[in-house]
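Fold and contact review
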Amino acid sequence: MIQNILVVDDSETTRAFVRRVLGMCGFENDHIFEAGDGSAALGILSAQPIDLVLADLHMPGMGGLEMTRHMLIQPRLREIPVVIISADPNAVRMEDLRKQGVKGYISKPFTPEAFRSTITEITGAIHA
Amino acid sequence: MTITVNVSDVRTSKQLDDIIVTHSLGSCVGVCLYDPVANVAGMLHYQLPSASIDASKAAERPAMYADTGMELLMKEMFAQGAQKQRLKVIVAGGASMMDDLASSSIGRRNQAAIRKIIFQQGLFIHTQDLGGTMPRTVYLNVSTGEVTIKSGGTVKAA
């Protein structure tokens, strides 16, 4: 069951928006964690059980894919699903991302409904 | 019984044999709310995105604007036993009526306004039929919460 979610994005506005939509989906606010880049995210992942990571692709410092690669080489982290959120139209072919360990992709800008649909697909269920 | 929602108008019902309808949604947006547990249905047909455009007019005709109209619609729904977390939200309209350049942007602004308001209310849009260039007629069945939208000779369930 997805309980603890880590939101990784250098934009505080985006993190706040994602937090709010996750709340609307039924996830508890205290169980939503935030990081401003991949390095900070790995720090949280080493200290806190996390069930799902939502990460921006391009961030100053460590981006979402590099963070995912670091997670894949750590036995404790490799099974945690990573969903990439990106505004980059060139980013993405889902097949290429899957080969790099990513489980899902959300294109920015996104509506709350589209976000919920993708999270439901990835997690299999929404709490609310 | 058929209950007609006029332009800048809000209607609600708990009568199971009622159909709530609004016609000629061009750049305007129609918002349907339905609580399937309390069987309360409501519809708003608004013209403009924000009461800040004309606060005095909004005081007289709150349903003319997305923000004050939604506030009125939800208040009337709650008064009849609806609960926010159970509400099904369906929106339609916000077309760009090409014979009027001003209204073509109003349609988009109306769309943006209602999305923002619904999000601020912590609700998801269940179904939407927004944009395009054709006017719409929207029917809301109070008994089932089903919404039917007619536009350009086509009929679809929302």
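Residues numbered from 1 in each chain as written. Chains lettered and ligands numbered in written order. Predicted model: local features only at pLDDT ≥ 70, side-chain atom pairs only at ≥ 80, totals over all residues. Heavy atoms only, no water.

**A look at the overall build of chain A**
Tallying secondary structure elements over chain A gives five helices and five strands in all. Order of helices (α) and strands (β) in chain A, N terminus to C terminus: β-α-β-α-β-α-β-α-β-α. Overall, chain A is about 35 × 35 × 25 Å in size when its C-alpha atoms are taken along their principal axes. When the 128 residues of chain A are sorted by exposure, 46% land in the buried category. Of the accessible surface of chain A, which amounts to about 6,300 Å², a share of 50% is contributed by carbon and sulfur atoms. Across chain A, 12 positive and 16 negative side-chain charges occur, with their mean positions spaced 4 Å apart. (Helix = DSSP H or I, 4+ residues; strand = E, 2+ residues; numbered from the N terminus. Buried < 20%, exposed > 50% of the residue type's maximum accessible area, 1.4 Å probe, protein only. Areas by Shrake-Rupley, 256 points an atom, 1.4 Å probe, with all protein chains shown as cover. Lys, Arg positive; Asp, Glu negative; His and termini not counted. Charge placed at Lys NZ, Arg CZ, Asp CG, Glu CD.)

**Quick word on the packing of aromatic side chains**
Applying the stated criterion to the full structure yields three aromatic pairs over all chains. Judged by centre distance (4.8 Å) and plane angle (45°), the ring pair of Phe17 of chain A and Phe119 of chain B falls under tilted. You can see Phe17 of chain A sitting in helix α1 (residues 12-24) and its partner Phe119 of chain B sitting in helix α3 (residues 101-120), one on each of two chains. Summarising the aromatic geometry, the rings of Phe110 of chain A and Phe115 of chain A are spaced 5.2 Å apart at their centres and angled 25° between planes, so their arrangement reads as stacked. Through a chain of ring-to-ring contacts, three or more aromatic side chains come together here, namely Phe17, Phe110 and Phe115 of chain A together with Phe119 of chain B. Here Arg20 of chain A stacks its cationic end above the ring of Phe119 of chain B, 5.1 Å away from the centre of that ring. One cation-aromatic arrangement involves Arg116 of chain A over Phe124 of chain B; the distance from NZ or CZ to the ring centre is 4.0 Å. (Phe/Tyr/Trp six-rings, centres within 6.5 Å; stacked < 30°, edge-to-face > 60°. Lys NZ or Arg CZ within 6 Å of the ring centre and 35° of its normal.)

**A look at the nonpolar core**
Of all hydrophobic cores here, the largest spans 25 residues; its most connected members are Val31, Leu33 and Met70 of chain B. Sorting the residues of this core by element identifies β4 (29-35), β5 (40-46), α2 (66-79), β6 (88-93) and α3 of chain B as the ones contributing at least two each. Per-element tally for this core: the top contributor is α2 of chain B, with five residues. In this structure, Leu6, Leu42, Ile50 and Met59 of chain A belong to the second largest nonpolar core, which totals 23 residues. (Core = buried A, V, L, I, M, F, W, Y, C linked by side-chain atoms within 4.5 Å.)

**A look at the sheet that holds strand β2 (residues 32-35) of chain A**
Residues and elements named next belong to chain A. Within the open sheet, the five strands sit side by side as β2-β1-β3-β4-β5. Their pairing is parallel. A strand with exactly one partner marks an edge of an open sheet, and here the two such strands are β2 and β5 (104-107). Neighbour-to-neighbour, the strand axes of this sheet turn through a mean angle of 20°, independent of strand direction. Sheet topology places strand β3 (residues 52-56) next to strand β4 (residues 82-86); four bridges connect them, and they run parallel. (Pairing = 2+ DSSP bridges. Axes fitted to C-alpha atoms, helices over the stretch in contact; angles between N-to-C directions.)

**Here's the deal with the interface of chain B and chain A**
Across the contact, eight residues belong to chain B and nine residues belong to chain A. Summing both partners gives a buried area of about 770 Å² for chain B against chain A, and 69% of it is carried by carbon and sulfur. In terms of surface lost to chain A, no three residues of chain B exceed Phe119, Phe124 and Ile125 of chain B, which account for 78% of the buried area on that side. Counting the contacts that link chain B with chain A gives zero salt bridges. Inspection of the region where chain B meets chain A yields three residue pairs in polar contact (both at pLDDT 80 or more). For the side of chain B that touches chain A, the residue count by class is four nonpolar, three polar and one charged. (Contact = heavy atoms within 4.5 Å. Buried area = accessible area lost by both parts, 1.4 Å probe. Salt bridge = Lys/Arg side-chain N within 4 Å of Asp/Glu carboxyl O. Polar contact = N/O pair within 3.5 Å; in protein donor to acceptor, adjacent residues only side chain to side chain. Nonpolar A, V, L, I, M, F, W, Y, C, P; charged D, E, K, R; others polar.)

**Regarding the packing of helix α2 (residues 38-47) of chain A against helix α3 (residues 64-72) of chain A**
When two helices pack together, you describe them by how their axes are tilted relative to each other and by the distance separating the axes. Residue and element names in this part refer to chain A. In the contact formed by α2 and α3, the axes pass within 9 Å of each other and the chain directions differ by 30°. The angle between α2 and α3 places the two elements in the roughly parallel class. Here α2 runs over α3; the crossing is right-handed. Residues Gly38, Ala41, Leu42 and Leu45 of α2 form the contact with α3, whose own contacting residues are Met67, His70 and Met71. Residue classes in the contact of α2 with α3 are distributed as five nonpolar, two polar and no charged. (Parallel < 35°, antiparallel > 145°, perpendicular 65-115°, else oblique. Left-handed = near helix turned anticlockwise from the far one by under 90°.)

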